[in-house]
Amino acid sequence: MLFVDVILPLALPRSFTYSVPADLAAQARKGVRVIVPFGARKFYSAIVQEIHDRDTVPYAVKEIVSVLDERPVVNDLQIRLWHWIAAYYMCTVGEVMKAAMPSGLKLESETKVFYNEAYVQCDELNSHEEEVLHLMHSRKSLPVGEIAAIYKHRDLMRVVQSLVDKEALWVEEVIAGRYKPRFESCVRLHPALDSETKMKTTFDALERAPRQLEILMNFVRLSGVFSGRPQREVTKKELLQAGHAQAETLHNLARKKVLELYAKEVSRLDSGTSGDGGLPELTPHQQTAMEQIRGAFATKDAVLLHGVTSSGKTEIYIRLIEEQIRQGRQVLYLLPGIALTAQIIDRLKIVFGNKVGIYHSKFPDAERVEVWNNVGKPGGYSVVLGVRSSIFLPFANLGLVIVDEEHENTYKQYDPAPRYHARDTAIMLASMYGAKTLLGTATPAIESYYNAREGKYGLVELQQRYAGMDLPDVQIADTTLGRKREKMQMHFHPDLLTAIDETLKAGKQAILFQNRRGFAPYVQCRVCEYIPRCERCDVSLTYHRFSDRLLCHYCGYSAENIHQCPACGSLDISTVGFGTERIEDELKLFFPHAHIARLDLDTSRTRNSYEKIIAAFEEGKTDILVGTQMVTKGLNFENVRLAGVLNADNMLNFPDFRADERSYQLMTQVSGRAGRAGERGQVIIQASSPQHPILQYVIANDYAGMYASQLAEREKYKYPPFYRLIRLTLKHKNKDVLHLASGELAEYLVKIFGRRVLGPETPLISRVQTYYLENILLKIEKHASVQKVKELLAEAINNIRQLPAYKSLQVVADVDPM
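Parameters at a glance
Residues numbered from 1 in each chain as written. Predicted model: local features only at pLDDT ≥ 70, side-chain atom pairs only at ≥ 80, totals over all residues. Heavy atoms only, no water. Helix = DSSP H or I, 4+ residues; strand = E, 2+ residues; numbered from the N terminus. Rg over C-alpha atoms; globule rule 2.2 N^0.38 Å. Contact = heavy atoms within 4.5 Å. Areas by Shrake-Rupley, 256 points an atom, 1.4 Å probe, with all protein chains shown as cover. Lys, Arg positive; Asp, Glu negative; His and termini not counted. Charge placed at Lys NZ, Arg CZ, Asp CG, Glu CD. Patch = residues over 30% accessible without salt bridge, like charges linked within 9 Å, V, L, I, M, F, W, Y side chains within 5 Å. Salt bridge = Lys/Arg side-chain N within 4 Å of Asp/Glu carboxyl O. Buried < 20%, exposed > 50% of the residue type's maximum accessible area, 1.4 Å probe, protein only. Pairing = 2+ DSSP bridges. Axes fitted to C-alpha atoms, helices over the stretch in contact; angles between N-to-C directions. 1 Å grid on protein atoms, 1.4 Å probe; cavity = no way out; pocket = protein on both sides within 12 Å on 5 of 7 lines; lining within 4 Å. Points joined across faces, edges and corners; volume = space filled by probe spheres on them. Nonpolar A, V, L, I, M, F, W, Y, C, P; charged D, E, K, R; others polar. Left-handed = near helix turned anticlockwise from the far one by under 90°. Phe/Tyr/Trp six-rings, centres within 6.5 Å; stacked < 30°, edge-to-face > 60°. Parallel < 35°, antiparallel > 145°, perpendicular 65-115°, else oblique. Core = buried A, V, L, I, M, F, W, Y, C linked by side-chain atoms within 4.5 Å. Polar contact = N/O pair within 3.5 Å; in protein donor to acceptor, adjacent residues only side chain to side chain.

1. A word on the overall build of the chain
- Regarding its fold elements, the chain presents 25 helices and 35 strands.
- Computed over its C-alpha atoms, the radius of gyration of the chain comes to 31 Å, within 12% of the 28 Å expected for a compact globule of 818 residues.
- If you line up the chain on its principal axes, its C-alpha atoms span 95 × 70 × 65 Å.
- For the chain, long-range pairs separated by at least 24 residues make up 74% of all intrachain contacts whose partners lie at least 6 apart in sequence.
- Looking at the chain as shown, the accessible area adds up to about 38,200 Å², and 49% of this sits on carbon and sulfur atoms.
- A gap of 1 Å separates the mean positions of the 102 positive and 98 negative side-chain charges of the chain.

Here is the structure:
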């Protein structure tokens, strides 16, 4: 008998074995999806990872129900990568599978309740049963979840079971979520009409049916049949529109076996153009960098391209992509955020046309499935442009991975598991394919630059801006002095307002960066100092003026804005602090004739919204763009003369060992948006401590100085790149139980790892989504066996969760936390 080991999309510690019925044995292949029963009644689509004839498992083996795919949807290298991610990032392979595959390829049964049309009431029903039965009589069938949402009763399943026992209802597990291909109705000549003689006879026979004859003649013209040219497909819609004909007339021709209708599977993806824009010309500095990259790839699998902002890294990427395509290999081009794909895709499609595919979460799931299927087949996309989830695609022949803006923390997945870093995972992915990885940025992550300096990666420096452009002039606007002299206007230093005014008068554009969305971080009663807080998290609610609501940015909880203090009854309520919404409103007061737009999570939730905002700014329809980190990530606008940072203090004073590094990166990146087309740009940073070392490094564009200072601190206090970090976050709804559990776990770990263990400590946000949190941090030497450390950690976590008092305890491991 044949058996398969499968990966289920669940947080399970191992794979499960199923038997294969004889009639499915020929279809069972590694990498295909199979429907399997799991537990008492659930069904899932699972991935076959091994086929064998061993029945050695200590449980009753169940049969697979069906095989879903003719060819594998996951290849061997992907399965290897899933296992590596699970081992390195301390999660399960099932969690990796769940994150990796588009929803349309992951099927799961749902419990559905059906009304029995033949039911005749004989038994007396109570009020709850009557209510559910009335609902089911009108709706016929509903998932249990929908019934629960309509009929909010804690004993719902008992009521449903009672009605099942009385044969009024029945319950089934129904497979949901299947991807459905799109089909288009097409028309072709009936096979019987295989000669010009038969066609002439048909034309003669249709003389008395002029409308049918017109359709046939239009078909001959559109398809090119019997013309000697290659025949093309004609859609039903196209044919009917050609003669303004009725569908019934076409169907009559089909009944007469003159034409034949058939369904053709069509792609939801934009086919685009073939791309003939030509390769960009490289400057001598770019050409040198290109040759150095090629030389470094001869001995290194990964190369770091450290190029200042606007040095022309993208042009180098395009040249390298073209080389890979000529060799018949694929390229993965990773970007840190969806907003950046809008600009880059236009540049790539000019050169490579329909060889380029896009993959990110704003796409409908059906389109993501089609990109997934396209990448893995012969003749599929040569280049895929995408965000971090793109590393999971089933590449057929990957040759190069480009990680643009490699320093960005958005490459790190936070929740849920797997908590992987796409940059590091991409390097592993490339090595499995025998491919190369190019990391590009103007502000490298300290760990990446350290690896390059130590010889683990190749290092190529590009310190000249494209076409000899000067780096922008960076100035610090002292907000402390401004407030002391009462010169601050709302949240703007007069120097920044003057610069904006001069920029607009010159017909130029400005970008303003404020790393907080919403109108104000919180509202407060001026009498008793009451601040509305989230019911589920230990945070104040952010005021959003557009919706006039208070929102929690951690769990999504929403409440009406308060106009009277619920604590003391005072009407004296004020907003405190400022976010992007407030900056946008204040700018409209200062510059009423300017066109102002905002780019943050609130304005870019839909697939096209961010593209419209960026396109409007690129086309000059917007004068000032206000935004969060989205405006710092590699965007290229030629008419931007001014970049402003509204509040550097928030970044610099954040309690995190990476705060200085991130502050330098963000301010340097936003500075790089200014002066990209000949004229020197201007940057104004509002800060209360102008002499802060990081601000001085930004002014001087001194990455080396920042790197050296940070490296010395990291070595002294045992942080990366000298030590590895693993953070354990313990969660429980009972604060006292959590405190006891974290103390016990930390004590146990100290016995194993000694002074490498820090904590437990309560994080800044101590409660999220009703769960209290405590952290334990491990600092592990680089030369230590990380695998052994993880095994000891997993054993410790498992031991504490086995204790009856901690059965509801959650322990989350985050390897290389950001």
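2. Regarding a negative patch on the surface
- A cluster of acidic side chains, namely D346, E611, E618 and E638, defines a negative patch on the protein surface.
- Note that D346 resides in helix α12 (residues 338-352).
- Since its relative accessible area comes to 46%, D346 is described here as partly exposed.

3. Section: the sheet that holds strand β21 (residues 509-513)
- Spatial ordering of the open sheet is given by β20-β30-β29-β21-β28-β27, a layout of 6 strands whose pairing is parallel. Either end of the sheet is taken by a strand with one partner, and the two such strands are β20 (473-478) and β27 (596-599). On average, adjacent strands in this sheet sit at an angle of 20° to one another, irrespective of strand direction.
- Pairing of β20 with strand β30 (residues 682-687), which is carried by 6 bridges, proceeds in the parallel orientation. For I476, the partnering residue across the bridge sits in β30 and is I685.

4. A few points about the layout of surface pockets
- Estimates place the volume of the second largest pocket at around 900 Å³.
- Every residue lining the second largest pocket is counted, 33 residues in all, and those nearest its centre are R71, E370, N373, N374 and K377.
- If you list the elements that add at least two residues to the lining of the second largest pocket, you get β12 (259-266) and α13 (365-375).
- Of the residues forming the lining of the second largest pocket, the biggest block, 3 residues, is contributed by α13.
- Class assignment of the residues belonging to the lining of the second largest pocket gives a composition of 11 nonpolar, 11 polar and 11 charged.

5. Here we look at the packing of helix α24 (residues 735-753) against helix α25 (residues 786-801)
- Contact geometry of α24 with α25 gives a least axis separation of 10 Å together with a crossing angle of 145°. α24 and α25 meet at a crossing whose hand is right-handed. Where α24 abuts α25, its residues A741, E744, L745, Y748, L749, I752 and F753 lie against V789, L792, L793, A796, I797, N799 and I800.
- Here the residues of the contact of α24 with α25 are counted per class, giving 12 nonpolar, 1 polar and 1 charged.

6. Brief notes about the sheet that holds strand β18 (residues 436-441)
- On the basis of which strands lie adjacent, the open sheet formed by 7 strands has the order β15-β16-β14-β17-β18-β13-β19 and parallel pairing. Both edges of this open sheet fall to β15 (356-359) and β19 (458-462), since each of them pairs with a single strand only. Shown here is a sheet whose adjacent strand axes are inclined to one another by a mean of 20°, direction ignored.
- Bridge count between strand β17 (residues 398-404) and β18: 5 bridges; the pairing is parallel.

7. So, the packing of aromatic side chains
- Counted by the stated rule, this structure contains 19 aromatic pairs.
- Centre to centre, the rings of F16 and F38 are 5.2 Å apart; their planes meet at 85°, and the pair counts as edge-to-face. With F16 in strand β2 (residues 16-20) and F38 in strand β3 (residues 33-38), the pair connects residues that are 22 residues apart, well separated along the chain.
- With centroids separated by 5.7 Å and ring planes inclined at 75°, the aromatic side chains of F519 and Y543 adopt a geometry described as edge-to-face. With F519 in the loop between β21 and β22 (522-525) and Y543 in strand β23 (residues 542-544), the pair connects residues that are 24 residues apart, well separated along the chain. A single burial state applies to F519 and to Y543, both of which are buried.

8. Considerations on the packing of helix α6 (residues 196-205) against helix α7 (residues 210-223)
- Where α6 meets α7, the axes come as close as 10 Å, and the angle between the chain directions of the two elements is 150°. Looking at the two axes, α6 sits roughly antiparallel to α7. Viewed along their axes, α6 and α7 form a crossing whose handedness is left-handed. Mapping the contact onto sequence places M199, T202 and F203 in α6 and L213, L216, M217 and V220 in α7.
- Across the contact of α6 with α7, the residue classes tally to 6 nonpolar, 1 polar and no charged.

9. Digging into the environment of Q287
- Within the element layout of this structure, Q287 appears in helix α10 (residues 284-297).
- Overall, Q287 belongs to the partly exposed group, its relative accessible area being 30%.
- Sequence separation of Q287 and I316 is 29 residues, and the distance between their C-alpha atoms is 8.1 Å.
- Contacts of Q287, omitting those with residues within four sequence positions, involve L282 and R294.

10. Things to note about the environment of I685
- Within the secondary structure, I685 sits in strand β30.
- For I685, a relative accessible area of 0% gives the class buried.
- Discounting residues that sit within four places of it in the chain, I685 has contacts with V474, Q475, I476, A477, V645, A648, M667, L695 and V698.

11. Comments concerning the nonpolar core
- W82, M667, L728, L749 and L778 are the most contacted members of the largest nonpolar core, which has 118 residues in total.
- If we ignore the near neighbours within four places in the chain, the residues touching L728 are L745, L749, E774, N775, I776, L793, I797, V812 and A813.
- Among the nonpolar cores identified, the runner-up in size contains 32 residues, and M290, I318, I325 and V383 belong to it.

12. Remarks on the side chain of S609
- Along the polypeptide, S609 turns up in helix α19 (residues 609-618).
- Exposure remark for S609: the relative accessible area of 15% places this residue in the buried category.
- A polar atom in the side chain of S609 sits 3.4 Å from the backbone oxygen of T603.
- Apart from the residues within four sequence positions on either side, S609 is in contact with T603 and S604.

13. Structural notes on the environment of Q212
- Topologically, Q212 is positioned in helix α7.
- Along the sequence, Q212 and L777 sit 565 residues apart, while their C-alpha atoms lie 78 Å from each other.
- Excluding residues within four positions of it along the chain, Q212 makes contact with L206, T249, N252, L253 and K256.
- A polar atom in the side chain of Q212 sits 2.8 Å from the side chain of K256.

14. Description of the pattern of salt bridges
- Following the criterion strictly, the structure yields 35 salt bridges and no others.
- Residue E108 is joined to K42 by a salt bridge in which the shortest nitrogen-to-oxygen separation is 3.4 Å. Of the two residues, E108 sits in strand β7 (residues 108-115) while K42 sits in strand β4 (residues 42-52), which places them 66 residues apart along the sequence.
- Taking the shortest distance from any N to any O, the salt bridge between R756 and E781 comes out at 2.9 Å. Taken as a pair, R756 in the loop between α24 and β32 (757-761) and E781 in strand β34 (residues 771-781) lie far apart in primary sequence, 25 residues in all.
- For R756, a relative accessible area of 34% corresponds to the partly exposed category.
- In this structure, a network of salt bridges that share partners links the residues E584, K588, R598 and D600.

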